[in-house]
Amino acid sequence: MYLSEAAITSYFNKPITIHMRFPVLYNGWGMDNQAFLIEVISENRFTIVSSSHGKLYELSKQEVEDKILEYKNALIDIETAAKFINTKD
């Protein structure tokens, strides 16, 4: 799902700064694939906003850490499998 900056701003309904947009990859699900690092100015805090089935939500610190671990494990598996590829150069 494409998340617009207007949708993110509307979700908070208060002044924010969008610091970056980045991909979030969900294993087996290709629709929700973006996240934003947001600064909620009036609350002096940073958060990450993504979507789930088209609804915006803030990711918890644990969700972010779990996602990082998922990526690391996937990279290890891909790198391991790549070692077995036979190429004819």
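All values derive from a computational prediction rather than experimental measurement.

Each value, and the rule that gives it
- Residues numbered from 1 in each chain as written.
- Predicted model: local features only at pLDDT ≥ 70, side-chain atom pairs only at ≥ 80, totals over all residues.
- Heavy atoms only, no water.
- Helix = DSSP H or I, 4+ residues; strand = E, 2+ residues; numbered from the N terminus.
- Buried < 20%, exposed > 50% of the residue type's maximum accessible area, 1.4 Å probe, protein only.
- Contact = heavy atoms within 4.5 Å.
- Areas by Shrake-Rupley, 256 points an atom, 1.4 Å probe, with all protein chains shown as cover.
- Pairing = 2+ DSSP bridges.

*Asks:* Help me understand the overall build of the protein chain, please; the structure alone is not making it clear to me.
*Replies:* Tallying secondary structure elements over the protein chain gives two helices and four strands in all. Its helices and strands in sequence order give the protein chain the pattern α-β-β-β-β-α, from N to C terminus. Looking at the protein chain residue by residue over its 89 residues, the buried ones come to 22%. Look at the contacts in the protein chain between residues 6 or more apart in sequence, and 41% of them connect residues 24 or more apart. A total of about 6,600 Å² of accessible surface is found on the protein chain, and carbon and sulfur atoms cover 59% of it.

*Asks:* It is not clear to me how unusual backbone geometry should be interpreted in this structure. Could you clarify?
*Replies:* Phi is mostly negative for residues that are not glycine, and the peptide bonds are mostly trans. Of note in this structure, asparagine 13 is not a glycine but carries a positive phi near 55°. Among the secondary structure elements, asparagine 13 is positioned in the loop between helix H1 (5-12) and strand E1 (16-23). Positive phi values are uncommon outside glycine, yet asparagine 44 reaches one of about 50°. Looking at the secondary structure, you find asparagine 44 in the loop between strand E2 (34-40) and strand E3 (45-52).

*Asks:* Before we go on, may I ask you to explain the pairing of E2 in this structure?
*Replies:* If a strand is regular, its side chains alternate between the two faces of the sheet. Of all seven residues in E2, six are buried, a share of seventy percent or more. Of the pairings in the sheet, the one linking E1 to E2 comprises seven bridges and is antiparallel in character. Residue pairing in the sheet places arginine 21 in a bridge with phenylalanine 36 of E2. The sheet contact formed by E2 and E3 spans five bridges and is antiparallel. Looking across to E3, one finds that phenylalanine 36 is bridged to valine 49. Linking E2 back to E3 in an antiparallel pair, the connection comprises four residues, with asparagine 44 at a positive phi of about 50°.

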